[in-house]
Amino acid sequence: MQAITIMLGAAFLWSLYPLMIAYSDGRIGGALMVFIIHISCGISAALFAFIKVRDRANSWKNIVAVTKTLQFEHWMYLMLIGLASTLYNFCFIYAMEVGSKIGSAIIIEGWPIIAIFLAPLLVTKSWKKVTVFDVVAAFVALGGVALIMIEDSKNISNIFATDAGLPTNIIIGSAAALMGSLSLAASVVLSSEVSNRLSKYVLKEKKHSLACAFIGETIRRIVALPSSAILLFAFAEDMYTDSAGIALSVIIGVVIFCIGSAAVTLALLRSSSSTINMLYYASPILAVVWLYLAGLGTVTPLIVAGGCMVVMANILTIHKNKKYHLEPEIRTTPEKSL
C-alpha cells in the first residue's frame, strides 16, 4: 500500500479526535483521559503487534538480544520519546487553559512542518531533499488550517486574545503551544526511528510493515507511562469520570492513538519524502465535517476557504512527489547499530 494512502487513512482516523473530545466534555478530566489513552493505546498496540508478527519465536529472541546490547544513551533516547509525548499533552492542556484556544491550536497544528525537517535528520533512511516549494506548500496548508480553526471573520481580531486580555498570558500560552508542537513532532519522528530499527534488526524485514509500527507504538506508550502518571498527579482536579468518559478514552486510545499513530509511522517510513506529513492537514477538514454532521459545528465561508487551501497544497505536493515513488528506496545513509 502506498504511503500516500496510508497517511490519508491516518488523517481520517485523527479527524475523529475533536468529535470524541466534544462528546467527552464534562465526562472525564483531561489529564485522566490522557492517562487512560496511553494505557489503552499501549495494550492494543501490543496485541496488534502480536497478531501482525509472523515469526514470533525468532522476533522475541531478537528483541531480547537487542535489548541486552542497549547502552545508556539508547535508554535515554527511549525516555526522551516518552517525555516528548507527555510534554505535548501537558503543553496542549496548559496552553488552552492559559492562552488563546484558537491561537494555541493553530501553533500546535504546525507540527507537521517541523516534522518535515526533523525526519531527514533523525530517521536513518533515504530521503528526498526538502525544497522551497515544499515549505511554501506546507505553510499554505497551515494557513488553511488556521482559517478552519478561526471559523468566523469576527474571531480574526481575537486569535491571540485571552479573557483577561493580559499580554503575559498570550506570550506564555503561545510559548507553551510552540513547545507542544515541537514535542509532538519530535515524538512522531523519534518513535518512527525506533520502528525503523525494529524492522531492520528485530523483524529483519525487507519492507516496513505494520508489525514494526505497532511494536514501536507499544514502546512509545510504555516509556510515556511514568511521565503521564506525573501529569495526572499534577492535575489532581481532573480525577473525575464516568463510564462514558472511560469508554470514549479507550476508543480514542485504540482507534485514533494506536492505529492512527501506527499509520503515520508506517507512511513516514515507506515514503521517500518527509513532506508526506503534510497530508495530515486533511484531518482538520474532515473534523469540521464530522462536527457539522453531529450538529456540533457550522460551516462558514472561512472554513470553506481554509479547506480549499489545504486541498490545493496537498494536491500540488502529491503531484510533485508522485514521480519519486513514495515507497522505500535503497538506504543511502550510513546504517547505525543499536
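This is a predicted model, so every value here is computed, not measured.

Following the criterion strictly, the structure yields four salt bridges and no others. Close ionic contact of Arg197 with Glu193 constitutes a salt bridge, the shortest N to O distance being 2.8 Å. Of this pair, Arg197 and Glu193 both sit in helix H9 (residues 167–202), four residues apart, roughly one helical turn. Taking relative accessible area as the criterion, Arg197 reaches 19% and is therefore assigned buried. The class of Glu193 is buried, set by a relative accessible area of 1%. Glu217 is the partner of Arg220 in a salt bridge, and the nearest nitrogen-oxygen pair spans 3.3 Å. Of the two residues, Arg220 and Glu217 both sit in helix H10 (residues 210–234), three residues apart, roughly one turn of that helix. By relative accessible area, Arg220 is classed as buried at 6%. Residue Glu217 is classed as buried on the basis of its relative accessible area, which comes to 1%. Because the salt bridges share partners, they merge into one network encompassing Glu217, Arg220 and Arg221.

Below, the discussion takes up the packing of aromatic side chains. On inspection of all chains with the given rule, the structure shows seven aromatic pairs. Pairing Trp14 with Phe257 gives two aromatic rings, centres 4.8 Å apart and planes at 55 degrees, and the pair type is tilted. On the criterion of sequence distance, the pair formed by Trp14 in helix H1 (residues 3–14) and Phe257 in helix H11 (residues 243–270) is long-range, its members being 243 residues apart. Three or more aromatic residues joined by ring pairs make a cluster, and in this case those are Trp14, Tyr17 and Phe257. Looking at Lys125, its charged tip hangs above the ring of Trp127, at a distance of 4.0 Å from the centre.

Our focus in this paragraph is the side chain of His38. By the element assignment, His38 lies in helix H3 (residues 30–52). By relative accessible area, His38 is classed as buried at 2%. A polar side-chain atom of His38 sits 3.3 Å from a polar atom in the side chain of Ser228. When residues no more than four places from it in sequence are discounted, the contact partners of His38 are Ser85, Asn89, Arg221, Ala224 and Ser228.

Locating Ile81 in the fold gives a position in helix H5 (residues 72–98). When the C-alpha positions of Ile81 and Leu190 are compared, they lie 6.4 Å apart, and in sequence the two are 109 residues distant. Setting aside anything within four residues of it in sequence, one finds Ile81 in contact with Ser187, Leu190, Ser191, Val194, Arg220 and Val223.

Under the 1.5 Å per step criterion, the end-to-end length of helix H8 (residues 132–150) is 27 Å for 19 residues, consistent within 8% with the ideal 27 Å. All of the buried residues along H8 are Asp134, Ala137, Ala138, Ala141, Leu142, Gly144, Val145, Ala146, Ile148 and Ile150.

Membership of the largest hydrophobic core comes to 82 residues, with the highest contact counts inside it found for Ile252, Phe257, Ile276 and Tyr281. A total of 12 residues in this core trace back to one element, the largest contributor, which is H11. Apart from residues no more than four positions distant in its own chain, Tyr281 is found in contact with Glu109, Gly110, Pro112, Ile113, Ala138, Ala141, Leu142, Val145, Val310 and Asn314.

Trans peptide bonds make up the majority, and among non-glycine residues the majority have a negative phi. Backbone geometry places Lys204, a non-glycine residue, at a positive phi of 55 degrees. Tracing the chain through its elements places Lys204 in the loop between H9 and H10.

Low-pLDDT portions of the prediction should not be read for the details of their coordinates. Looking at the protein, pLDDT values average 81 and 87% of them are 70 or higher. The lowest-confidence element of the protein is helix H6 (residues 101–108), averaging 71 in pLDDT; the highest-confidence one is H11, averaging 93.

At a minimum axis separation of 8 Å, H1 and helix H12 (residues 282–293) run at an interaxial angle of 40 degrees. One way to sum up the angle between H1 and H12 is to call them oblique. Here the hand of the crossing between H1 and H12 comes out right-handed. Contacts between H1 and H12 involve Leu8, Ala11, Phe12 and Trp14 from the first element and Ala282, Ser283, Leu286 and Trp290 from the second.

Conventions we followed
- Residues numbered from 1 in each chain as written.
- Predicted model: local features only at pLDDT ≥ 70, side-chain atom pairs only at ≥ 80, totals over all residues.
- Heavy atoms only, no water.
- Salt bridge = Lys/Arg side-chain N within 4 Å of Asp/Glu carboxyl O.
- Helix = DSSP H or I, 4+ residues; strand = E, 2+ residues; numbered from the N terminus.
- Buried < 20%, exposed > 50% of the residue type's maximum accessible area, 1.4 Å probe, protein only.
- Phe/Tyr/Trp six-rings, centres within 6.5 Å; stacked < 30°, edge-to-face > 60°.
- Lys NZ or Arg CZ within 6 Å of the ring centre and 35° of its normal.
- Polar contact = N/O pair within 3.5 Å; in protein donor to acceptor, adjacent residues only side chain to side chain.
- Contact = heavy atoms within 4.5 Å.
- Expected span 1.5 Å × (residues − 1).
- Core = buried A, V, L, I, M, F, W, Y, C linked by side-chain atoms within 4.5 Å.
- pLDDT = per-residue confidence, 0-100.
- Axes fitted to C-alpha atoms, helices over the stretch in contact; angles between N-to-C directions.
- Parallel < 35°, antiparallel > 145°, perpendicular 65-115°, else oblique.
- Left-handed = near helix turned anticlockwise from the far one by under 90°.

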